[in-house]
Amino acid sequence: MIQITDSAQQYFARLIEQQGGDIAGIRLSAVRAGTPSADAKLEFVEAVDLQGDEWEIQCQGFMLYLDAAGAEYFTDAEVEFVSSATGGQLTIRAPRIKGVPPGAEASLVERVKHVLETEINPGVASHGGKVSLEEITADGIVVLRFGGGCQGCKQVDYTLKNGVEKTLMQRVPEIRAVRDATDHAKGEMPYFA
């Protein structure tokens, strides 16, 4: 189900030891699971905070409690800690946390929308932007509409060609090209004016 590397287990054990008190372990839960904005949440947990339905995973020197409601989203997940000169980096890879990607049998529209919502929009959201699907032509051209900070942005052509089009064509091989149908002159708050 979930893999917790030895380095991550040692890291958590050190944190719990430093925390002291009545820490029973660490709880891992999914926040907004199954949506494009899903995330994983880690927190120290005391015995009184446990619901009783958590999945218990025995680790080196502590217990990891996996929130039962979100357990399915951590199938094939991995928790890893990589040490560095400046401390280290904890990484949680949970490929199912944003929902199960549509399979090869799903429609072209479903697969394109999934890539937009799970990969493209989280990136452009940092600039206040959003990309939506306008249409897919019979000859495999995806027509998009940019909104928010992307509408009227001077970098939109670069974003389209080197980010959006590249990602969509890698994830959905049937796509031949990606076009922009946005009226950029009407953009009210472009990220780069």
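Values in this document were obtained by computation on a predicted structure and should not be read as measured data.

Attention now goes to the packing of helix 2 (residues 108–124) against helix 3 (residues 156–171). One way to put it is that helix 2 packs onto helix 3 with a least axis distance of 10 Å and a crossing angle of 145 degrees. As helix 2 packs across helix 3, the resulting crossing turns out to be right-handed. Along the contact surface, helix 2 presents Val112, Val115, Leu116, Glu119, Ile120 and Val124, while helix 3 presents Thr159, Gly163, Val164, Thr167, Leu168 and Arg171. Considered class by class, the residues forming the contact of helix 2 with helix 3 number 7 nonpolar, 3 polar and 2 charged.

This brings us to the pairing of strand 6 (residues 77–84). As paired strands, strand 1 (residues 2–4) and strand 6 are joined by 3 bridges and run parallel to one another. Considered in strand 6, the bridge of Ile4 is made with Val79. Once strand 6 ends, the chain turns through 2 residues before running back antiparallel as strand 7 (residues 87–93).

With respect to the secondary-structure elements, Ser132 resides in strand 8 (residues 129–136). The spatial distance from the C-alpha of Ser132 to the C-alpha of Leu116 is 7.3 Å, given a sequence separation of 16 residues. Contact partners of Ser132, with chain neighbours within four places excluded, come to Leu116, Val143, Leu144 and Arg145.

So, on to the nonpolar core. Counting 21 residues, the largest nonpolar core has Leu64, Phe74 and Ile97 as the members making the most contacts within it. Contributing elements (two or more residues each) for this core: strand 1, helix 1 (6–19), strand 2 (23–31), strand 5 (63–66) and strand 6. For Phe74, the residues in contact, after removing those within four places along its chain, are Met1, Ile2, Leu28, Ser29, Ala30, Ala40, Leu66, Ala94 and Ile97. Counting 19 residues, the second largest nonpolar core, distinct from the first, contains Val131, Phe146, Val156 and Leu168.

Turning next to helix 1. In this model, helix 1 (14 residues) spans 20 Å end to end at C-alpha, consistent with the 20 Å of a helix rising 1.5 Å per residue. Within the sequence span of helix 1, burial applies to Ala8, Gln9, Phe12 and Ile16. Take helix 1 and look down its axis: the buried residues cluster within an arc of 100 degrees, on one side only. Across from the buried face of helix 1, at angles greater than 90 degrees, the exposed residues are Glu17 and Gln18. The elements touched by buried residues of helix 1 are strand 1, strand 2, strand 3 (39–46), strand 6 and strand 7.

Moving on to helix 3. Helical geometry note: an α-helix holds 3.6 residues per turn, so side chains three or four residues apart project in the same direction. Its maximal kink placed at Glu165, helix 3 deviates by approximately 30 degrees. Within the sequence span of helix 3, burial applies to Val156, Leu160, Val164, Glu165, Thr167 and Leu168. Those residues of helix 3 hidden inside the fold are in contact with helix 2, strand 9 (141–148) and strand 10 (177–180).

Here is what the cut-offs are and how they apply
Residues numbered from 1 in each chain as written. Predicted model: local features only at pLDDT ≥ 70, side-chain atom pairs only at ≥ 80, totals over all residues. Heavy atoms only, no water. Axes fitted to C-alpha atoms, helices over the stretch in contact; angles between N-to-C directions. Helix = DSSP H or I, 4+ residues; strand = E, 2+ residues; numbered from the N terminus. Left-handed = near helix turned anticlockwise from the far one by under 90°. Contact = heavy atoms within 4.5 Å. Nonpolar A, V, L, I, M, F, W, Y, C, P; charged D, E, K, R; others polar. Pairing = 2+ DSSP bridges. Core = buried A, V, L, I, M, F, W, Y, C linked by side-chain atoms within 4.5 Å. Buried < 20%, exposed > 50% of the residue type's maximum accessible area, 1.4 Å probe, protein only. Expected span 1.5 Å × (residues − 1). Arc of directions from axis to C-beta. Bend = angle between axes of the 7 residues up to and from the residue.

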